[in-house]
Amino acid sequence: MPEVRVVAEDGSNLGVLTTDQALRRAREVGLDLVEVNPKSNPPVCKILDFGKYKYEEKKKQGEAKRKQTIVEVKEIKIRPKTDDHDIEVKIRAIRRFIESGNKVKVTCRFRGREIMHPQRAQMQLEAIVAKIEDIANVEQRPAMEARTMALLVAPKPVVFQRLAAAQREKKKDDPAHPTTSSQNLDFDEEALHDPDDDDDDDDDDDDDDDSDDEAAAEKPETK
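Residues numbered from 1 in each chain as written. Predicted model: local features only at pLDDT ≥ 70, side-chain atom pairs only at ≥ 80, totals over all residues. Heavy atoms only, no water.

1. A look at the pairing of strand S6 (residues 103-109)
Of all seven residues that make up S6, seven are buried, and the element is covered over most of its length. Side chains Lys103, Lys105, Thr107 and Arg109 of S6 all project onto a buried face; the interleaved residues Val104, Val106 and Cys108 project onto the opposite face, where all are buried too. Taken together, the six bridges between strand S5 (residues 73-78) and S6 define a ladder with parallel strand orientation. Bridged to lysine 77 within S6 is threonine 107. By the bridge criterion, six bridges tie S6 to strand S8 (residues 148-155) in an arrangement that is antiparallel. (Buried < 20%, exposed > 50% of the residue type's maximum accessible area, 1.4 Å probe, protein only. Helix = DSSP H or I, 4+ residues; strand = E, 2+ residues; numbered from the N terminus. Pairing = 2+ DSSP bridges.)

2. As for unusual backbone geometry
Here asparagine 41 and proline 42 are connected by a cis peptide whose omega angle stands at 0°. Its identity is not glycine, yet alanine 146 carries a phi of approximately 60°, on the positive side. Residue position: alanine 146 is located in the loop between strand S7 (136-145) and S8.

Following this line, the structure appears as structure tokens:
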């Protein structure tokens, strides 16, 4: 690296200097010569306090991470025999997840001969979509996965806009967290737990599924 383009400590452009000249200038002002753009031709270096530079970079990364919204994938389970009342309970749980910024995978598991008659499950999933279409987009239409039929839905942009507005409202009076005009949204889908084993009793009722949903609301899915 015989030559570098140098930015002075005050932000002014010193032009292209030899590396020795750039180092000498940095020493004269008691600062460091730091390469800030190695891909440029010639590389760009800046005269600055390296310790302070590292501190500010770390602070920026922490601030960006704090602003991120993590999107998880929650799972709601139903059965072909799940009655209409319980489907409504499932829909309320799905809406809570969606409104919190999470994706939701709805799975309908078939046991025994139930897999020969998937029409009811298809109707159940389509009914769910109709009840959440104001806040959710369908990412995966109902499709068979082994002995289950699965539907994947995700929050619409308006949901994230509401969440961002709520966060700004919450932090606007906190001097340690100044209000920002925009928010970065990173999507990180969590792995789902596998469904229960196929040899479960056919007599299991849907109350177990409701318990699973309530537990999911308290504890995020793990990778």
